Amino acid sequence: MPRKIAAGNWKMNGLAASLAEVSQLPKGGDVTVLICPPATLLAPMAALGRDVAAGGQDCHVAASGAHTGDISAPMLADAGATYVIVGHSERRTDHGETSETVAQKAQSAYAAGLIAVICLGETLDQREAGETLAVIAEQLKASIPAEATAQNTVIAYEPVWAIGTGKVPTIEQIAEVHDALRAALPDTSLLYGGSVKASNAAEIFSVANVDGALVGGASLTAADFGPIITALSDS
Ligand code: PGA
């Protein structure tokens, strides 16, 4: 059975005081709770000693070198991370990351002993053109290294048009993509991401082949994220 994972992506949000939110999260039961705070908070978050996994939000393809402002997978691991998100659509858009780069980043994560949360998803134009499944298949092929296993990799399906917009695909639309992902990756945890909140979490988790969520805005406070963890645990 793929693991159930409730993952929070804090993006460029969070100061030291925000760690109080992590301390207040409910116990996950059979759910792995993962928070990906800004890199500045990884070490203090790991030091909380809570049963919450810590993850980076990106890593460089190289382990070290002359890359001002970047952070490497071994550095994330050294700070206490056990996961790293790669290929988030904001990285693909803001930093021009291709699927090939994403696959190299995932390999760098594996080499550092991290689990890679590899993100993929279609744009609104691609969905309206009926290209969703073709885009997902292409991203899957190019973004996932040959070394990927159900142990070192988690996939997050995040339709670009649903991220931070409050727009959520229909249950049928989520099911269609997750069924296709499951056919390709029978044992890998498959997360849905894009405007997940307490009020829609239970319905999304009822979809076959959805093993959890990657949550942005609603992961920033325990009041918002707690009920999402509970909904996954109850699903
Ligand atoms: P959102 O972001 O939950 O704020 O839509 C999801 C994500 O970008 O991972």
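Now for a quick tour of the structure. (Residues numbered from 1 in each chain as written. Predicted model: local features only at pLDDT ≥ 70, side-chain atom pairs only at ≥ 80, totals over all residues. Heavy atoms only, no water.)

### Remarks on the pairing of strand β5 (residues 115-120)
The side chains of a regular strand alternate between both faces of the sheet. Put simply, the rule is: Each residue is assigned to one of three classes by its accessible area relative to the maximum for its type, calculated with a 1.4 Å probe on protein chains only: buried under 20%, partly exposed between the two thresholds, exposed over 50%. Numbering goes from the N terminus for both helices and strands, where a helix is a DSSP run of H or I of at least four residues and a strand is a run of E of at least two. Strands were regarded as paired on the criterion that DSSP finds at least two bridges between them.
Counting buried residues along β5, six of its six residues qualify, which places the element largely inside the surrounding structure. The pairing of strand β4 (residues 83-86) with β5 spans four bridges and is classified as parallel. Bridge pairing in β5 places Ile85 opposite Val117.

### Regarding the pattern of salt bridges
What counts, and what does not: Note on definitions: salt bridges are taken to be side-chain nitrogens of Lys or Arg within 4 Å of carboxyl oxygens of Asp or Glu.
With the rule as written, the count across this model stands at eight salt bridges. Lys11 is paired through a salt bridge with Glu90; the nearest N and O atoms lie 2.9 Å apart. One end of the pair, Lys11, is in the loop between β1 (4-9) and α1 (19-23); the other, Glu90, is in helix α4 (residues 89-94), and 79 residues separate them in sequence. A relative accessible area of 23% places Lys11 in the partly exposed class. Judged by its relative accessible area of 30%, Glu90 is partly exposed. When the shortest N-O distance is used, the salt bridge between Arg182 and Asp211 registers 2.7 Å.

### Here's the deal with the site of the ligand
To keep it simple, the criterion reads: Distances are taken per atom, and a residue is near a molecule or strand as soon as one of its heavy atoms is within 4 Å of it. N or O atoms within 3.5 Å of each other form a polar contact, as long as, within protein, one can give a hydrogen and the other can take it, and as long as residues adjacent in sequence are counted only when both atoms are side-chain atoms. Computed with a 1.4 Å probe, the accessible areas rest on the Shrake-Rupley method; for each residue, only the protein chains presented here act as cover. Under the scheme applied, nonpolar residues are Ala, Val, Leu, Ile, Met, Phe, Trp, Tyr, Cys and Pro; charged residues are Asp, Glu, Lys and Arg; polar residues are all the others, including Gly.
Not every one of the 13 residues close to the ligand is listed here, only the nearest: Lys11, His88, Glu158, Gly164 and Ser195. Ser195 is positioned with one of its backbone polar atoms (N or O) 2.8 Å from an oxygen atom of the ligand. Between an oxygen atom of the ligand and a main-chain N or O atom of Gly217, the distance comes to 2.9 Å. Here the ligand, which alone exposes 280 Å², has 95% of that area covered by the protein. Taken together, the residues of the shell around the ligand sort by class into four nonpolar, seven polar and two charged.

Shape is all these values report; function is a separate question.
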